[in-house]
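Here's the letter readout for the chains.
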Amino acid sequence: MLKSQQTLHKQRQTQFTAQRTSGSRPAFHGRAPVPVKQSIPQRTVDARQQRRTMEVAAQAAPQAAPSSNGSKHVGVSQIGLVGLAVMGQNLALNVADKGFSISVYNRSHDKTEAAVKRAQKEGLGSKLTGYEDVKDFVASLQKPRRVIILVKAGAPVDQTIEQLSKYMEPGDIIIDGGNEWYENTERRKAEVGKKGLLYMGMGVSGGEEGARRGPSMMPGGSPEAYTHIRDIVEKVAAQVDDGPCVMYIGEGGAGNYVKMVHNGIEYGDMQLISEAYDILRTLGGLTNDELAAVFADWNKGELASFLVEISAIILAKKDDQGAGFLVDKIVDQTGSKGTGKWTVQQAADLGVAAPTITASLDGRYMSAAKPERVAASKVYEGLGLHAPSAMPGVTKAQLVADVRAALYASKICSYAQGLNIIKAKSEEQKWGINLGGLARIWKGGCIIRAVFLDEIAKAYARNPALSNLLVDPEFAKKVAERDAAWRRVVGMAVAQGVPTPGFSASLSYFDTYRRERLPANLVQAQRDFFGSHTYQRTDKEGWFHTVWDESFGSADSITTSSYIA
């Protein structure tokens, strides 16, 4: 083994380069191959020739000065990324595509190799370098070192941080780009802060395609750290008519929190779209071709959005493994990864009503109970309650128009709920989140991107202190115009036995919100009856308790008017 080979073997670094030679395979720095006593294929000869070429280059390269972390600080790349699954690989390529040099690392080295090969295939190899060793990966970064981690939430994030922090120095920056619980982000920020490291939690939305071409990015945490990544993320993010789809969200776990609620809104959006599809198919009798055409048409107007657009594509897709349409062969069970549940839990903790988002989560849970649903359908078929079917005499055009109106009005309610969760949490944590700004950065790149969001941004520009989208003058007008159609759709679905938890919850939310007086007075009286929880009066100030009926043992344990339930 040559001296240079020994050095490379000791470093255990797999450093791929973008420099290609005609007909050559990717050159690399890594472990020396184990010699074999057999005839050598031409491709092995080629690979050895490439290694010799790289060894000469390595010998000629200037030696870097040691850094305080014990490794030789090369400082080649502007940013690093750990975690090369689908999102990580695509985001890394996006960074490289925007002209930034990036080092990448993954615990299982095969994914690093795959990312490097893909970068070379896409002509980005000169900007993306892969490493097999964490120490060398960290050393390859310019100071202050900036590392994005995209690994599974929870313990894997802590393990990755522990690995990185061994070699990082005060002032270096770690950015968690995964779907993480916001309190974990705040804990980690405090922990690495003891070592002088800066920490951010950055929501990234857009799926595989968004990560590669331009996602919506929601960075929160250290404001100082953001100044060091701003130039990069503003170019990497999706670009819309009024700028990049990224902004600093706020301190602590604000970035992860906003991404979590974004996903909750996404749950609501998907549920509402699926209900629109079900009503048109089941009650209207529309074929898949007709449904695809309807969704494609909707995507040209006020409902234009990524989710409506892909729904049209999905509905038109033929099954390449058999006759008919693929969507009809997919089992009606929906998975979830936790962000929807977190959103609903946070709504409850904050005392913010979010029935549309909650209904969407329940819808997924109900879908998962497939065997029970099948058994229940048979029980009730035997009792004369048949599955819903197409209604005779339904005018398809009118039904399509009504469902379109109902979908739009329901979406307003879903977004209103999500934004109010964020507003309440921002006030609690003093994050100062700009709700109109969120609507703006969600206009491109992310899963909930929609024309609709431009109107939301304008609503908050008109009134930054807006209490609810439903009372914005423009949105109030739009809902009022769609009120009758909305009720026709929900009423028809209920009458025919088609479940519409999202539409129904949204309509109930709207009706409750606009009602001056609710029957909550009776509920509070009941609470006072059995638990002395007291109540307020409409005609007097203060809190009151009544012994409602001595024969029932109505509680009288609270006698002070200052007790608040």
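Computed from a prediction, not measured in an experiment: that's the story for all the values here.

The rules behind the values
Residue positions are given per chain, counting from 1 as you read along its sequence in written order. Per-residue local features are limited, in this predicted model, to residues with pLDDT of at least 70; the limit for side-chain atom pairs, both in listing and counting, is 80 or more; totals at the level of whole chains, interfaces and linings are taken over all residues. With hydrogens and water excluded, all non-hydrogen atoms of the structure serve as input to the side-chain values. The helix and strand labels rest on DSSP assignments: H or I over at least four residues marks a helix, E over at least two residues marks a strand, and numbering proceeds from the N terminus. Residues are treated as being in contact if the distance between any of their heavy atoms lies within 4.5 Å. Residue burial considers only the protein chains on display, and all accessible areas are found by Shrake-Rupley using a 1.4 Å probe. Looking at any residue, its pLDDT shows the predictor's confidence there, from 0 to 100. The length a helix should cover is 1.5 Å for every residue beyond the first. The buried label applies to any residue whose accessible area, calculated with a 1.4 Å probe on protein chains only, is under 20% of its type's maximum; exposed applies above 50%, and partly exposed to all values in between. This arc is taken over the directions from the axis of the helix to the C-beta atoms. Only Phe, Tyr and Trp rings take part, Trp by its six-membered ring, and two of them pair if their centres are within 6.5 Å. Stacked means planes under 30 degrees apart, edge-to-face means over 60, and tilted covers everything else. The criterion is that NZ of a Lys, or CZ of an Arg, lies within 6 Å of the ring centre and within 35 degrees of the ring normal, and then a charge sits over that ring. Here a polar contact is recorded for every N or O atom pair within 3.5 Å, except that within protein the pair must consist of a potential hydrogen donor and a potential acceptor, and residues adjacent in sequence are included only if both atoms are side-chain atoms. Salt bridge, as used here, is a side-chain nitrogen of Lys or Arg placed within 4 Å of a carboxyl oxygen of Asp or Glu. Definition used in this section: a nonpolar core is a set of buried Ala, Val, Leu, Ile, Met, Phe, Trp, Tyr and Cys residues joined via side-chain atoms within 4.5 Å. Residue ranges for the domains trace back to a domain assignment, done automatically or taken from a database.

Colleague: Would you mind showing me how to read the overall build of the chain here?
Modeller: When helices and strands are counted, the chain shows 21 helices and 11 strands. Across the chain, every contact between residues at least 6 apart in sequence was considered, and the portion connecting residues at least 24 apart equals 69%. If you sum the accessible surface of the chain, you get close to 27400 Å²; carbon and sulfur atoms cover 53% of it.

Colleague: I'm lost on the confidence of the model for the chain in this one. Help?
Modeller: In regions of low pLDDT, the predicted coordinates are not meant to be interpreted in detail. Per-chain confidence: the chain averages 87 in pLDDT, with 85% of residues scoring 70 or above. In the model, residues 1-71 has pLDDT below 50 throughout and makes 95 contacts with residues more than four positions away in sequence or in other chains. Counting interchain partners and residues more than four positions distant, the pLDDT-below-50 stretch residues 558-563 has 10 contacts.

Colleague: Got a minute to help me understand helix α7 (residues 182-193) in this structure?
Modeller: Given 3.6 residues to a turn, an α-helix orients residues that are three or four positions apart in the same direction. Between its first and last C-alpha atoms α7 spans 16 Å; for 12 residues at 1.5 Å apiece the expected length is 16 Å, and the two agree. Among all positions in α7, only Tyr 182, Thr 185, Arg 188 and Val 192 are buried. Buried residues in α7, looked at end-on, bunch into an arc of 115 degrees, giving them a common side. Residues of α7 that are buried make contact with α6 (155-165), β5 (173-176), β6 (198-205), α10 (254-282), α13 (339-350) and α16 (396-429).

Colleague: It is not clear to me how the packing of aromatic side chains should be interpreted in this structure. Could you clarify?
Modeller: Aromatic rings in a pair are described by how distant their centres are and how their planes are angled relative to each other. All told, the structure shown has 15 aromatic pairs when counted by the stated rule. Here the aromatic residues Trp 181, Tyr 182, Tyr 257, Trp 342 and Trp 431 are joined through ring pairs into a cluster of three or more. The positively charged end of Lys 411 is found above the aromatic ring belonging to Phe 452, 5.3 Å away from the centroid. The side chain of Arg 537 reaches across the aromatic face of Phe 544, ending 5.9 Å from its centre.

Colleague: Would you explain helix α18 (residues 452-462) in this entry?
Modeller: Those residues of α18 lying buried are Phe 452, Leu 453, Ile 456, Ala 457, Ala 459 and Tyr 460. End-on view of α18: buried residues confined to an arc of 155 degrees, all on one side of the axis.

Colleague: What am I meant to see in the side chain of Ser 216 here?
Modeller: Take Ser 216: it is sitting in strand β7 (residues 216-221). Within polar-contact distance, the side chain of Ser 216 engages the backbone oxygen of Ile 441 at 2.7 Å. Residues in contact with Ser 216, not counting those within four places in the same chain, are Gly 203, Val 204, Ser 205, Cys 245, Ile 441, Trp 442, Gly 444, Gly 445 and Cys 446.

Colleague: Sorry, what's going on with the pattern of salt bridges here?
Modeller: It is possible for side chains bearing opposite charge to pair when their charged atoms get close. Evaluated as defined, the whole model comprises 36 salt bridges. The salt bridge involving Asp 332 is made with Lys 370; its shortest N-O contact spans 2.6 Å. One end of the pair, Asp 332, is in the loop between α12 (306-316) and α13; the other, Lys 370, is in helix α15 (residues 370-381), and 38 residues separate them in sequence. Judged by relative accessible area, which is 37%, Asp 332 ranks as partly exposed. Within the structure, one salt-bridge network assembled from shared partners comprises Asp 241, Asp 242, Arg 440, Lys 443, Asp 454, Glu 455 and Lys 458.

Colleague: Just checking my understanding: could you explain the nonpolar core for this structure?
Modeller: Counting 88 residues, the largest nonpolar core has Trp 298, Leu 438, Trp 442, Ile 456 and Leu 469 as its most contacted members. Sorting elements by how many residues they give to this core places α16 first, with 14 residues. Residues lining this core come from more than one domain, with at least three contributed by each of domain 1 (79-248) and domain 2 (261-514). Judged by nonpolar contacts, the second largest core, of 34 residues, contains Leu 93, Leu 124, Ile 148 and Leu 150.

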